[in-house]
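# Observations on the three-dimensional arrangement
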Amino acid sequence: MRRADLALILTLAATSVAAGDLAYVTCQNGNALSVLDLDTGETRATWDVPGKPAGVAVASDGSVFTVSPDDATVRRYGPDGVVQADIVLDGGPIGIVLDAPRARLFVTDWYNARIWVLTTDLAHVTELITGTAPAGLALSPDGRWLASADKDADQVSVFDADSLKLHRTVKVGSRPFGLRFGPEGRLFVGNVGSNDVTVLEPDTGMILATVPVGTRPYGVAFAKGRAFVTNQYEDSVSVIALDTLQHLRKIAVGEYPEGIDTTSDGARLVVANWFENSVSVIDAQTLEMVDQIDTADGPRAFGVFIREDTE
């Protein structure tokens, strides 16, 4: 369903996308990043990003960090799309998360079972050891915990984000890939091998629930008391109630959905559709898709990719 087909839904939508929100969508096939104005539904800019970018992290000041697996490079862009710094890493970088209060970045190394710790100026600080093939990274809302999804180890590694010491490892479902902390601090892990989401308490490692979802769950985001999980092989997003941890329903989106993030007002979800070169916009209250916006080729948006434009 394209933009023209969604005109009636847009007219009837009860809420609006947060004015000025921008989505920074890494587009792997196109070696690009699409900057989307979510208020107007237009592409504000398209940046050249070499090396097949996938991972992305956005700072409130407009800095954008990208991870390009093909040339093993992390880049920092200014709000104008100009490269401010870059670093070539010896391995297979893929996932990224920003720890803004401590001015640090964390980047997973798929090949060497580790996390690089960098400054936001992209200076190397240290490395953390994980399980095999770490993919997604997440930082808890209170900044206490850093978690990595160690895909080939079927586990999550939880670190003290301040001391950088390993707190514990927790066995989850098969082949965890994307993960994110919920608003109450619980960790939600998408297991692409077992088609479910593991919900756990990071401090104790207690498994609170295992929730069946669609085929190959990838990314996780939160809004309006619910978790939203992209299902790559079903062209859908699963909705999970945060109070009961029960699967509620699935929402049809574009082809092969991957990255997902929430607008600054918590009213909408934005989903990157890798095979359809678009993002789908979902109303978090009505659970309806209300817009679809074109991107460059192969959008992945693996990380936190939406910020409020305050300029």
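Please refer to the structure higher up on the page.
Report follows, based on the coordinates. Every value quoted in this text rests on a predicted model; they were computed, and no experiment measured them.

### What about the nonpolar core?
Of all hydrophobic cores here, the largest spans 26 residues; its most connected members are Y24, V25, W47, V64 and F305. Contributions of two or more residues to this core are made by β1 (21-27), β2 (32-37), β4 (55-58), β25 (268-273), β26 (278-283) and β27 (289-294). With five residues, the single largest contributor to this core is β1. V25 has contacts with A32, L33, S34, L36, A272, V279, P299, A301 and F305, leaving out every residue within four places of it along the chain. If you look at the next biggest cluster of nonpolar residues, it comprises 15 residues, including A59, A85, I96 and V107.

### Description of the sheet that holds strand β5 (residues 64-68)
If you trace the five strands from one edge of the open sheet to the other, you get β7-β6-β5-β4-β28, paired in mixed fashion. Pairing within the sheet leaves two strands with one partner each, and these edge strands are β7 (83-88) and β28 (302-304). In this sheet, adjacent strand axes meet at a mean angle of 10° when their direction is disregarded. Here β4 pairs with β5 via four bridges, running antiparallel. Bridge pairing in β5 places G55 opposite V67.

### Let's talk about the side chain of S280
Within the secondary structure, S280 is located in strand β26. Note on S280: relative accessible area 0%, which makes it buried. With residues near it in sequence (within four places) discarded, S280 still touches V253, G254, L269, V270, V271, N273, M289, D291 and Q292.

Cut-off values and rules
- Residues numbered from 1 in each chain as written.
- Predicted model: local features only at pLDDT ≥ 70, side-chain atom pairs only at ≥ 80, totals over all residues.
- Heavy atoms only, no water.
- Core = buried A, V, L, I, M, F, W, Y, C linked by side-chain atoms within 4.5 Å.
- Buried < 20%, exposed > 50% of the residue type's maximum accessible area, 1.4 Å probe, protein only.
- Helix = DSSP H or I, 4+ residues; strand = E, 2+ residues; numbered from the N terminus.
- Contact = heavy atoms within 4.5 Å.
- Pairing = 2+ DSSP bridges.
- Axes fitted to C-alpha atoms, helices over the stretch in contact; angles between N-to-C directions.

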